[in-house]
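# Report on the structure
Read off the chains here:
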Amino acid sequence: MEHRIVGPGPYRATKLWNETVELFRTKMPLRKHRCRFKSYERCFTAAEAVDWLHELLRRSQNFGPEVTRKQTVQLLKKFLKNHVIEDIKGKWGQEDFEDNRHLYSLQKILGLDSLEEVLDVKLVNSKFIIHNVYSVSKQGVVILDDKSKELPHWVLSAMKCLANWPNCSDLKQPMYLGFEKDVFKTIADYYGHLKEPLLTFHLFDAFVSVLGLLQKEEMAIEAFQICCLLLPPENRRKLQLLMRMMARICLNKEMPPLCDGFGTRTLMVQTFSHCILCSKDEVDLDDLLAARLVTFLMDNYQEILKVPLALQTSIEERVAHLRRVQIKYPGADMDITLSAPSFCRQISPEEFEYQRAYGSQEPLAALLEEVITDAKLSSKEKKKKLKQFQKSYPEVYQERFPTPESEALLFPEKPKAKPQLLMWALKNPFQPFQRTRSFRM
């Protein structure tokens, strides 16, 4: 039950928050409690949370023993506000955390204890997530490496035509009465004949679980963001382009009716719901669930289909953590480190100590030489920077300047100019004082 030491640097507060939340979620003791003749599994009282977290913070080198119980309560208030914990009865918006016997539980992802309840985690491809996060255009649309999985050119041209109606510069064919209906039918036919829905069969249960969060809009959007990052990149790209087209058509007042008897928004939902979400068994209930999901997607597609900054930061920090060399000391009771990725190798404690002592000195020595040889720096600025370097890295500085004489060579003393008064005295030797006559009237 210990924090990893978080040193000074950018995003330190964010790293401390993530570290503390992770420890609380994984280590906070959960047990059965009774409240008003009813039993609740896997929960804790507010006072138990304060006791446990207060002890954790006091033992942490990142915080220290001066942390007060009141400060711990303030942190748990933030946990509640940011959905790390939740009221045991699911109350939302009005609750406030206090140091008492009130019951709380950990916030579940998509309302579940584990994603394993709604999807086969073996089918989750980490390469998809990384691609969906980093291989995107300025508009946030996924860029595919394999162009054979791209939308056919004629479908893409048709979608651009309706998205930018009536400015269809991408199409060279002359327009006629009902032209836009035929273009829409072309797009609908293509998406209607996909072998698998865009949200895939194996993610069906995960997306349906999110529908239970629609009353809590912020949570639903965040859950959809995470689920959409699990999609194959070609599916995510097709979904992004389709939702953007659908939203633009619905907002375009110049667009003629695309189907008699249906409003544009209703037509979009009914036409594309099935190609976006359906189960492998295709039960009747699927249509209702798909319609609810597509309606929510249309209203919030810009937020849902962009990469959340907080999640991207967490991924980068996690990847950085996994890339650190994992050390296994002999005689340890248990190995709690994660298995190293294929591009890392395990090293001995002796090799680690050697790398720590000498591995970082080369770039520091190069930095020192850069300061020494920088002709743009004045002597005063250079001396100031060297003094700072000596204070921060005394061993590297001592190796470069082993003696005071070697340091003095860098700043040779300039010959001192003699005072002007002395020079004048040499040219005009001092004459003894002579009495002069006084002239009196």
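Quick look at the structure, then. A quick note: this is a predicted structure, and the numbers were derived from the prediction, not measured.

The next subject is the overall build of the protein chain. When helices and strands are counted, the protein chain shows 18 helices and four strands. A total of 441 residues make up the protein chain; the buried ones form 36% of that total. Look at the contacts in the protein chain between residues 6 or more apart in sequence, and 60% of them connect residues 24 or more apart. A total accessible area of about 29900 Å² is found for the protein chain, and carbon and sulfur atoms account for 54% of it.

Secondary-structure assignment places E369 in helix α14 (residues 361-373). Classification of E369 by relative accessible area gives partly exposed; the value is 30%. With 31 residues separating them in the primary sequence, E369 and R400 have C-alpha atoms 8.9 Å apart. A polar contact is formed between the side chain of E369 and the side chain of R400, at a distance of 2.3 Å.

Below, the discussion takes up the packing of aromatic side chains. Per the counting criterion, the structure on display carries 12 aromatic pairs. Judged by centre distance (6.1 Å) and plane angle (90°), the rings of Y191 and F272 are edge-to-face. Here Y191, found in helix α6 (residues 179-192), pairs with F272, found in helix α10 (residues 264-276); they are 81 residues apart in sequence, far enough to count as distant. F272 sits in the buried class, given a relative accessible area of 0%. Judged by centre distance (6.1 Å) and plane angle (25°), the rings of F207 and F224 are stacked.

Of the two faces of strand β4 (residues 103-106), both are covered, the one formed by L103 and S105 as well as the one formed by Y104 and L106. Bridge analysis of strand β2 (residues 38-45) against β4 gives two bridges, and the strand direction is antiparallel. Each bridged residue has a counterpart across the sheet, and for T45 the counterpart in β4 is L103. Sheet topology note: the strand β3 (residues 85-87)/β4 ladder contains three bridges and is antiparallel. Note that in β4 the partner of D87 across the bridge is Y104.

Take the packing of helix α2 (residues 46-59) against helix α3 (residues 69-81) next. Contact pair α2 / α3: the axes reach a minimum separation of 9 Å and the direction vectors enclose 115°. Between α2 and α3, the interaxial angle falls into the category roughly perpendicular. Of the two possible hands of crossing, α2 and α3 adopt the one that is right-handed. Contact residues: A47, A49, V50, D51, L53, H54 and L57 in α2; R69, T72, V73, L75, L76 and F79 in α3. Taken together, the residues that form the contact of α2 with α3 break down as nine nonpolar, two polar and two charged.

Our next topic: the side chain of T72. On the secondary structure map, T72 appears in helix α3. The class of T72 is buried, set by a relative accessible area of 0%. Not counting chain neighbours up to four residues away, the residues in contact with T72 comprise V50, L53, H54, L57 and V67.

Further remarks concern the pairing of β2. Along a regular strand, successive side chains alternate from one face of the sheet to the other. Bridge count for strand β1 (residues 31-35) against β2 is four bridges, and the pairing is antiparallel. Residue pairing in the sheet places H33 in a bridge with Y40 of β2. Between β1 and the antiparallel strand that follows it, β2, lie two residues; R36 among them carries a positive phi value of about 55°.

On to the nonpolar core, then. One finds Y191, F207, L242, F272, I276 and L293 to be the most contacted residues of the largest nonpolar core, which totals 62 residues. Elements supplying a minimum of two residues to this core: α5 (153-163), α6, α7 (204-211), α8 (217-229), α9 (233-251), α10 and α11 (285-304). Here this core gets nine residues from one element, more than from any other, and that element is α11. Excluding its chain neighbours within four sequence positions, the residues that come into contact with F272 are F184, I187, A188, Y191, L242, M245 and M246. Counting residues in each nonpolar core, the second largest holds 23 residues, with V73, L80, I85 and Y104 among its members.

The terminal C-alpha atoms of α2 lie 20 Å apart, and with 14 residues this matches the ideal 20 Å at 1.5 Å per residue to within 8%. Of all 14 residues in α2, 10 are buried; the element is thus mostly enclosed. Within α2, burial applies to A46, A47, E48, A49, V50, W52, L53, H54, L56 and L57.

Scoring rules and cut-offs
Residues numbered from 1 in each chain as written. Predicted model: local features only at pLDDT ≥ 70, side-chain atom pairs only at ≥ 80, totals over all residues. Heavy atoms only, no water. Helix = DSSP H or I, 4+ residues; strand = E, 2+ residues; numbered from the N terminus. Buried < 20%, exposed > 50% of the residue type's maximum accessible area, 1.4 Å probe, protein only. Contact = heavy atoms within 4.5 Å. Areas by Shrake-Rupley, 256 points an atom, 1.4 Å probe, with all protein chains shown as cover. Polar contact = N/O pair within 3.5 Å; in protein donor to acceptor, adjacent residues only side chain to side chain. Phe/Tyr/Trp six-rings, centres within 6.5 Å; stacked < 30°, edge-to-face > 60°. Pairing = 2+ DSSP bridges. Axes fitted to C-alpha atoms, helices over the stretch in contact; angles between N-to-C directions. Parallel < 35°, antiparallel > 145°, perpendicular 65-115°, else oblique. Left-handed = near helix turned anticlockwise from the far one by under 90°. Nonpolar A, V, L, I, M, F, W, Y, C, P; charged D, E, K, R; others polar. Core = buried A, V, L, I, M, F, W, Y, C linked by side-chain atoms within 4.5 Å. Expected span 1.5 Å × (residues − 1).

None of the figures reported here should be taken as evidence of function without further support.
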